[in-house]
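# Architecture and fold: a report
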Amino acid sequence: MKGDSCSTCSTKSSCAGGCERSEAELAEMYDLYADTSEGHLIWVELDYSQSNPMLKDVSKELIAKARSFDDQRVIGVLFGPESARYAAREAFNYGADTIYHVRHPTFTDFDLESFTAGLTTVAERVKPNTMILAASDEGRELGPRAAARMGVGITADCTGLEMEKGVLRMTRPTFGGKLMATIISNTRPQMATVRPGSFLIPEKDEGRQGTVINWPMNPAAGIEPEESAESENEGCLQDAELIISVGSGIGNLRNLELAKEIAERLGADMACSRSVVEKGWMDQSHQVGQTGNVVRPRIYLALGISGALQHQAGMSGSQKIIAINNDPDAAIHQIANISIAGEVGEFLQRLLKKLDEEEPAEV
Ligand SMILES: Cc1cc2nc3c(=O)[nH]c(=O)nc-3n(C[C@H](O)[C@H](O)[C@H](O)COP(=O)(O)OP(=O)(O)OC[C@H]3O[C@@H](n4cnc5c(N)ncnc54)[C@H](O)[C@@H]3O)c2cc1C
């Protein structure tokens, strides 16, 4: 007791010898059980069948629907290799504010265990009010598993969602489709899977932007992804012994991923020309040339690089230059020690096959 007031409930009372209020009374008094969950978490599914990863239509539907609920944050979780971050831009265009990019080269394929771990770890961090997944084949597996891991309920196969003062009203057919039931959940996050095609896809808002949070994750290690602010700035190019450098002749993100896979397997550093930076395919910290890094590796493998003077300014001191360019007159062939006038894509495929056949020798 402090003076006339009880030190536990801070009110003037007759709490002599200890606070006389029950735990429930105290909880109500100080609003201890107030719901602090905030935001809508969407599992963003990607289509990897194109050369660049794209948002599936159902993900556009769900992001836009969540955006229409209220003014809370819309947070997307997507899984994929580095190139998947380009799909984040599309997610922003449809209404996402933040994208958690859970990264691993193998995440182009659905991996139930890793995706459950990734999704629930993000949910623990974000504490969303709602969590919505598509009722796709994968979403039907992932949603209930994630719900079970978090100890919350889930309404499967919804065809309608409405938000009322933070309460998600989830509508789904029942009794063999004869009745529509509207369900509310008393656990948080309120979880639902939604049938693809349930909502309209609005026009893209090209001007919308957001934040990408990178979460490299090792599927073998499981649960705890390690967050990184920007993994593009890894390593120091100036000290690199072996550099694989790509120009705009790399053609597409799929080839870029192949080049990165090869670099990883050979222990090489990745670099690029300015036009690759301008396309947004790699970060400026990887640029070689007059306005980029100056490098002197033992081997500089130039893939689809023209060899403009401004690029040469950053790499002509390399001990050995190997150039792959389908234009035999390209300037890079003039300074290369080994010139291959061929297609980059074909070269990458062959090199990968070779690496698959035998462990790479020391270069
Ligand atoms: C002031 C200034 C500073 C600059 N600083 C830099 C700098 O620091 N670094 C830099 O790189 N550039 C710099 N540039 C830009 C530079 O002039 C070139 O525009 C740039 O280097 C070109 O990049 P690239 O070779 O990748 O692209 P491109 O010029 O488009 O060349 C692509 C090459 O790929 C080949 N190709 C296409 N398809 C294939 C295929 N399927 N298989 C194999 N080959 C293929 C083509 O034959 C072509 O030679 C600067 C320019 C200016 C004006």
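Below, the structure is looked at part by part.

Turning next to the side chain of Ser-245. Within the element layout of this structure, Ser-245 appears in strand 13 (residues 242-246). Its relative accessible area of 0% is what places Ser-245 among the buried residues. Of note is the side chain of Ser-245, whose polar atom sits 3.5 Å from the backbone nitrogen of Cys-272. Among the polar contacts listed, one links the side chain of Ser-245 to the side chain of Tyr-300, at a separation of 2.7 Å. In this structure Ser-245 touches Ala-271, Cys-272, Tyr-300, Leu-301, Ala-302, Leu-303, Ile-305 and His-311, once residues within four positions along its chain are discounted.

Attention shifts here to the sheet that holds strand 16 (residues 320-324). Here five strands make up an open sheet; going across it, the order is 14-13-15-16-17 and the pairing parallel. Only two strands of the sheet have a single partner each, and these edge strands are strand 14 (269-272) and strand 17 (338-340). Neighbour to neighbour, the strand axes of the sheet diverge by 20 degrees on average, direction disregarded. In this sheet, strand 15 (residues 299-303) lies alongside strand 13 in parallel orientation, the contact comprising five bridges. Bridge pairing links Ser-245 to Ala-302 in strand 15. Packed onto the sheet, helix 6 (residues 253-266) meets strand 13, strand 14 and strand 15 and runs at close to 180 degrees relative to strand 13. Where helix 10 (residues 344-357) meets the sheet, it contacts strand 15, strand 16 and strand 17, and its direction lies at approximately 130 degrees from that of strand 15.

The subject of this paragraph is the pattern of salt bridges. If you walk through the whole model with that rule in mind, you get 17 salt bridges. Between Asp-157 and Arg-195 there is a salt bridge, with the nearest N and O atoms lying 3.7 Å from each other. Residue Asp-157 is found in strand 7 (residues 154-158), and its partner Arg-195 is found in the loop between strand 11 (190-194) and strand 12 (211-216); the two are separated by 38 residues along the sequence. Overall, Asp-157 belongs to the buried group, its relative accessible area being 15%. Arg-195 sits in the partly exposed class, given a relative accessible area of 34%. Two residues, Arg-169 and Glu-164, come together in a salt bridge whose shortest N-O distance is 3.9 Å. Looking at Arg-169, the relative accessible area reads 33%, which means it is partly exposed. Exposure remark for Glu-164: the relative accessible area of 49% places this residue in the partly exposed category.

What counts, and where the lines are drawn
- Residues numbered from 1 in each chain as written.
- Predicted model: local features only at pLDDT ≥ 70, side-chain atom pairs only at ≥ 80, totals over all residues.
- Heavy atoms only, no water.
- Helix = DSSP H or I, 4+ residues; strand = E, 2+ residues; numbered from the N terminus.
- Buried < 20%, exposed > 50% of the residue type's maximum accessible area, 1.4 Å probe, protein only.
- Polar contact = N/O pair within 3.5 Å; in protein donor to acceptor, adjacent residues only side chain to side chain.
- Contact = heavy atoms within 4.5 Å.
- Pairing = 2+ DSSP bridges.
- Axes fitted to C-alpha atoms, helices over the stretch in contact; angles between N-to-C directions.
- Salt bridge = Lys/Arg side-chain N within 4 Å of Asp/Glu carboxyl O.

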